[in-house]
Amino acid sequence: MGVWSKLAIVGGGLASASLLGYILYRYTRPATAPANAEEDANAKLVEKIIEDLAIEYASVYSYFAKLMKTIALDPSINPQYKEMVKVEYLKSMDETLMEARKQILQKHGLSENDFQEVASHNEDYEMFQEILVAAATEVRQGKIPDMKFEISPSLNHDLFLKIYQKILLMNLYLYHKEMLERFPDPAAITPETMDSMIKEIEPTRVEERDKICVANGVEKGPNEDYTKVMLKALYAFKADSAEFAMKSEGANQKYKQIFDRIRKGEKCEELAQTPADLNEEEIQEYWSKIMKSYDIKEDVPPEPKKDLTLEELKDIMEDLTVEYAPVLNAYAKLIQGIMRDNSRGQEYQDQARQVFSIRMQASIQEVDAKICEKYGCSNIDLDAALEKFQENPFIKEKDTLFQTALNKVMEGETPDLKLTFPEALTKEIYIKAYRRILCHNLYLYQEEISKLEASEKISNEIINKITKALEDKRNEARTEICKMNGIVTEKVEEYSKLMTKAFYTYKLSDQQFTENCEKINAHYKKCLERIFLRETNPILSTEPILWTEENLITQWNELLEEANWVKPVSPVHITPRDEQPATNAVVDGAKVEEVKEEDTKNEEDTKNEESAEGEKSMDEPTIVAQPVEEAQPVTQIENERVEENEEPKKEEITEQEEQNCQKSSYLFVLLDDWDKIY
């Protein structure tokens with residue numbers, strides 16, 4: 001059995017649906033009588049070789065198809081580099097196929113020329129060649145083919161998993177036993193001695209595997225061995241069920257972790273017991289004991305929760321489109337800033353852009369988890385539904401839309417997610433509603449802050465607690481304000497989506513609209529700073545939702561006037577920031593020099609930095625203390641409050657100066673964390 005078959009039985013994988021055509025053809029086509037005994041022998045030999053090739057090729061195609069899909073969906077890799085990687089993958093795939101073919105022919109005692117001679121004019125082989133070409137083409141297109149081998153009727157998902165885990169545990173038991181006998185001194189273990197041991201123990205492993213299969217009633221054909229029976233079932237079941245794939249891969253992951261410890265010569269008392277006679281419950285206990293003995297933390301993968309319908313999947317895709325908008329826009333601007341910084345050269349730009357793109361991937365995963373939680377499903381359920389309905393026109397359109405948007409972000413372009421909303425929500429209506437929503441937010445936060453005890457310190461924990469407590473009131477106010485402006489929808493939660501859609505649509509084509517929103521947001525941000533320093537403004541003593549339109553404009557403009565803000569009587573209690581060191585980001589082994597925290601905001605800051613309705617910050621995402629538009633170098637840390645942040649010695653400044661220093665530093669620091677409440 002070649003290396004790719006071993007990979008398949010251990011790790012599993014998907015392979016070409018086109019092979020089903022061969023299987024059906026092979027067993028349903030009319031039989032033709034061979035001309036003589038030699039032709040008959042050659043036909044049987046070709047049949048055996050084709051069967052071996054089918055499994056080996058399926059393993060190779062499966063493996064590289066998954067690689068191609070992974071890289072296609074990874075937004076952390078720019079499009080040009082993706083194409084380079086794909087070319088290398090395909091080259092590696094072809095080389096692997098050639099090696100697999102060579103091994104199989106050697107097993108049957110044939111050279112390539114010998115095989116071509118016996119397979120010439122063989123209908124089975126000609127059909128097989130055509131199907132493999134089709135399967136390889138699917139892989140090159142980045143598709144994961146679906147393998148449909150004919151499987152033993154005696155196997156089902158549960159029985160296979162029981163047998164599969166027992167086989168893996170038996171392998172570990174045999175390896176551990178042999179290692180203790182051969183290498184009492186771990187220093188004697190080398191790659192060569194390990195390879196020798198594995199080869200010598202192979203017959204014992206096969207014998208024990210067959211015993212396990214027989215004991216569990218697994219049926220096989222007259223010319224089959226249990227390796228092929230299990231491989232075919234593994235391919236079919238993984239393609240058929242996401243839950244099965246998750247469980248089989250989970251068992252394989254545990255197997256690899258434990259085997260790595262065994263090959264280092266580490267002992268485990270639990271492995272002194274053979275797993276041959278364990279029942280299903282005892283198998284899980286056996287795994288746990290071994291993992292605990294080696295002090296390996298057992299990963300608990302998310303469990304499937306529900307089978308999503310097509311309508312549910314469509315709703316999820318719509319929500320993801322809206323939620324992706326602020327994330328993708330924020331990272332697009334961060335990457336734009338990097339691309340404009342020519343002070344460090346192209347290599348540094350590529351490395352820094354890679355850092356941001358990796359963080360974007362983490363942000364996208366958080367969005368996925370949030371939406372899955374809303375619909376009561378898991379990421380596994382979402383993946384399974386996407387696989388199931390991948391040919392649906394709506395799902396295909398959304399998938400293409402997301403991929404196009406991700407590629408644009410990696411090029412520093414603003415993505416267009418084709419968001420739709422009512423025509424009544426014009427730019428003018430948006431600005432009016434947006435300004436009133438932010439005013440009402442200020443009113444709500446001032447009201448809540450004023451309830452705090454004077455001695456109570458303002459911390460991020462307090463801010464988050466207040467924000468959560470105000471969620472319903474903010475939603476109610478937003479709904480009422482939208483209705484006041486003629487925007488009506490059936491569901492309350494839709495108002496936030498509509499504002500998001502309108503903002504990210506208008507900003508694509510109207511720079512003046514974007515600048516107006518930024519000015520309003522900057523105004524709001526400064527007022528919020530004062531509120532969180534316990535300053536109050538009498539203008540916010542009445543609900544802005546009740547103001548007339550004319551009064552709203554007047555009050556809004558007066559909010560920034562210094563004279564209208566009342567400072568707290570007692571000193572402000574603050575929680576100083578812990579000093580944080582510079583981050584040396586490593587991408588593919590290359591270090592991005594001192595990319596500070598202010599240079600590369602974390603993903604939570606970034607994804608919340610822009611929002612459609614303006615409740616989250618719509619400031620331009622910054623790499624440093626100044627906006628990206630000012631083309632600050634990526635690593636330049638020029639804080640506008642440098643005098644306060646340098647922390648001069650206490651004896652050299654007055655008490656008032658020290659208080660000012662704390663105030664300014666505290667505000668600058670918390671702005672990063674406050675983005676989430678906008």
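Residues numbered from 1 in each chain as written. Predicted model: local features only at pLDDT ≥ 70, side-chain atom pairs only at ≥ 80, totals over all residues. Heavy atoms only, no water.

Some words on the overall build of the chain
Applied cut-off: A run of H or I in DSSP counts as a helix once it spans at least four residues, and a run of E counts as a strand once it spans at least two, with each numbered from the N terminus. Exposure classes here rest on a 1.4 Å probe applied to the protein chains alone. A residue is buried below 20% of its type maximum, exposed above 50%, and partly exposed in between. Contact definition: two residues touch when any of their heavy atoms are within 4.5 Å. Throughout, the Shrake-Rupley method with a 1.4 Å probe supplies accessible areas, and for residues the shown protein chains are the sole cover considered.
Scanning the chain from terminus to terminus reveals 24 helices and two strands. Burial statistics for the chain: of 678 residues in total, 47% are counted as buried. Across the chain, every contact between residues at least 6 apart in sequence was considered, and the portion connecting residues at least 24 apart equals 80%. Surface summary for the chain: the accessible area is close to 34,100 Å², and the carbon and sulfur share equals 49%.

As for a negative patch on the surface
Note the cut-off: Within this analysis, patches are made of residues with over 30% relative accessible area and no salt bridge. Like charges are joined at 9 Å or less; nonpolar side chains (Val, Leu, Ile, Met, Phe, Trp, Tyr) at 5 Å or less. Put simply, a salt bridge is a Lys or Arg side-chain nitrogen that is within 4 Å of an Asp or Glu carboxyl oxygen. By the counting rule applied here, Lys and Arg register as positive and Asp and Glu as negative, while His and the ends of each chain are not counted. In this description, the location of a charge corresponds to atom NZ of lysine, CZ of arginine, CG of aspartate or CD of glutamate.
A cluster of like negative charges, contributed by E38, E39, D114 and E117, occupies part of the molecular surface. At the level of secondary structure, the elements contributing two or more residues to the negative patch comprise α3 (37-73) and α5 (112-119). As for its placement among the helices and strands, E38 is situated in helix α3.

Some details on the pattern of salt bridges
In the structure shown here, the tally under the stated rule is 28 salt bridges. K567 is the salt-bridge partner of E562, the closest N and O atoms lying 3.3 Å from each other. Overlapping salt bridges, with partners in common, bring together R530, E535, E562 and K567 in one network.

Focus: the state of the cysteines
Formally: Throughout, a disulfide means two cysteine sulfur atoms within 2.5 Å of one another.
This model, assessed by the stated rule, comprises zero disulfides. Its sulfur unpaired, C527 is 7.9 Å from the next cysteine sulfur, which belongs to C439. Since its relative accessible area comes to 0%, C527 is described here as buried.

Some points on helix α16 (residues 427-449)
As a reminder, the rule being used: What a helix is expected to span follows from its residue count: subtract one and scale by 1.5 Å.
Here α16 is 23 residues long and its end C-alpha atoms lie 33 Å apart, about the 33 Å a rise of 1.5 Å per residue gives. Among the 23 residues in α16, 19 count as buried, and that is most of the element.

Some details on the packing of helix α13 (residues 346-374) against helix α15 (residues 393-410)
In plain terms, the rule: The axes used here are C-alpha line fits, helices contributing only the stretch in contact, and every angle between their N-to-C directions lies in the interval 0 to 180 degrees. Note on terminology: angles under 35 degrees are roughly parallel, angles over 145 are roughly antiparallel, angles of 65 to 115 are roughly perpendicular, and the others are oblique. Definitions for this section: a left-handed crossing has its near helix turned counterclockwise from the far helix by less than a right angle. A right-handed crossing has that turn clockwise. Each residue is assigned to one class: nonpolar for Ala, Val, Leu, Ile, Met, Phe, Trp, Tyr, Cys and Pro, charged for Asp, Glu, Lys and Arg, and polar for all the others, Gly among them.
Two numbers describe how α13 lies on α15: the axes approach to 11 Å, and their chain directions differ by 150 degrees. Considering their axes alone, α13 and α15 lie roughly antiparallel with respect to each other. For the element pair α13 and α15, the recorded crossing hand is right-handed. Contact with α13, carried on its side by R353, S357, M360 and I364, involves L406, V409 and M410 of α15 and no other residues of that element. Along the lines of polarity and charge, the residues of the contact of α13 with α15 split into five nonpolar, one polar and one charged.

Describing the packing of aromatic side chains
Our working rule: We call Phe, Tyr and Trp rings a pair once their centres come within 6.5 Å, taking the six-membered ring for Trp, and we label the pair stacked below 30 degrees between planes, edge-to-face above 60, and tilted otherwise. By definition here, charges over rings are those cases where NZ of Lys or CZ of Arg is within 6 Å of the ring centre and within 35 degrees of the ring normal.
A complete count under the given rule lists 19 aromatic pairs for this structure. By the ring-pair criterion, three or more aromatic residues cluster together here, those being F421, Y430, Y434, F503, Y504, Y506 and F513. We note K220 situated over the ring of Y226; from NZ or CZ to the ring centre the distance is 5.6 Å.

Focus: the confidence of the model for the chain
The test is simple: As a per-residue measure, pLDDT reflects the predictor's confidence and takes values from 0 up to 100.
For the chain, the average pLDDT comes to 74, and 75% of its residues sit at 70 or higher. Here strand β1 (residues 583-587) is the element of the chain with the lowest mean pLDDT, 29, and helix α7 (residues 157-182) is the one with the highest, 92.

As for the packing of helix α18 (residues 471-484) against helix α19 (residues 494-509)
Between α18 and α19, the shortest axis-to-axis distance is 9 Å and the interhelical angle comes to 65 degrees. Between α18 and α19 the crossing geometry is left-handed. Facing α18, whose interface residues are R478, T479, C482 and K483, α19 presents Y495, S496 and M499.

Focus on unusual backbone geometry
Its identity as a non-glycine residue notwithstanding, D295 has a phi of 55 degrees, on the positive side. As for its position among the elements, D295 is in the loop between α11 (280-293) and α12 (310-340). Take D295: its relative accessible area is 70%, and that puts it in the exposed class. The backbone of K418 sits at a positive phi, close to 55 degrees, despite the residue not being glycine. Classification of K418 by relative accessible area gives exposed; the value is 56%.

Description of the side chain of N537
Examined against the element boundaries, N537 turns out to sit in the loop between α20 (511-531) and α21 (549-558). Beyond its immediate sequence surroundings of up to four residues, N537 is in contact with Q446, L559, N564 and W565.

Quick look at the environment of I539
As for its placement among the helices and strands, I539 is situated in the loop between α20 and α21. Separated by 25 residues in the primary sequence, I539 and N564 place their C-alpha atoms 7.7 Å from one another. Excluding anything up to four places from it in sequence, I539 contacts W547, Q555, E558, L559 and N564.

Describing the environment of Y504
Relative to the assigned elements, Y504 resides in helix α19. Using a relative accessible area of 4% as the deciding quantity, one classes Y504 as buried. In this structure the C-alpha to C-alpha distance between Y504 and A325, which are 179 residues apart in sequence, comes to 7.0 Å.

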